[in-house]
Amino acid sequence: MPKGRKGGHKGRARQYTSPEEIDAQLQAEKQKAREEEEQEEGGDGAAGDPKKEKKSLDSEESEDEDEDYQQKRKGVEGLIDIENPNRVAQTTKKVTQLDLDGPKELSRREREEIEKQKAKERYMKMHLAGKTEQAKADLARLAIIRKQREEAARKKEEERKAKDDATLSGKRMQSLSLNK
């Protein structure tokens, strides 16, 4: 908090001037400057037509000044001329100048996204063809599982045959013992 009699600026409502008000003030200053120039030259009746021509020229100059005002630089930039070859002046294009049918340049993110999708598609094709490391490992694991299943099926078949043989031999024994 500041020391002294008067209070600080905290808590006060800030007042901002709108761009329209600033433009109006500039126009009023220009108009006042024109009137002062006319009074200095004098009020000859015969020189009325050149004044009108001068006013029309002044209006053209004021339009140029308005453009300069819009392109006014901030801070110290207005005092120092900087020639930066990398800086591109922003230009506005009209609707008639836009080329909508031409090829559109992609942003870096869009290009990277497209490249990522293409790489994924190439990988999937190679994977389905069995040329990737992961596909080779999967095929090897699949071959091992197939062998295990074939061996398990063969063992079950042998056990079933052995059981059938045992039951048939047991029935034969019974039938032989009954026949005796």
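Residues numbered from 1 in each chain as written. Predicted model: local features only at pLDDT ≥ 70, side-chain atom pairs only at ≥ 80, totals over all residues. Heavy atoms only, no water.

**Considering the overall build of the protein chain**
So, point 1. Helix and strand counts for the protein chain come out as four helices and zero strands.
So, point 2. Ordering the α and β elements of the protein chain from the N terminus gives α-α-α-α.
So, point 3. In the protein chain, buried positions account for 4% of the 180 residues.
So, point 4. For the protein chain, the accessible surface area stands at approximately 18400 Å², while carbon and sulfur atoms represent 51% of it. (Helix = DSSP H or I, 4+ residues; strand = E, 2+ residues; numbered from the N terminus. Buried < 20%, exposed > 50% of the residue type's maximum accessible area, 1.4 Å probe, protein only. Areas by Shrake-Rupley, 256 points an atom, 1.4 Å probe, with all protein chains shown as cover.)

**Quick word on the side chain of T132**
So, point 1. Within the fold, T132 resides in the loop between α3 (108-129) and α4 (133-179).
So, point 2. T132 has contacts with Y123, M126 and H127, leaving out every residue within four places of it along the chain. (Contact = heavy atoms within 4.5 Å.)

**Things to note about a nonpolar patch on the surface**
So, point 1. Together, L79, I80 and I82 give the surface a local cluster of nonpolar side chains, amounting to about 350 Å² of exposed area.
So, point 2. Residue placement: I82 occurs in the loop between α2 (48-70) and α3.
So, point 3. For I82, a relative accessible area of 57% puts it in the exposed group. (Patch = residues over 30% accessible without salt bridge, like charges linked within 9 Å, V, L, I, M, F, W, Y side chains within 5 Å. Salt bridge = Lys/Arg side-chain N within 4 Å of Asp/Glu carboxyl O.)

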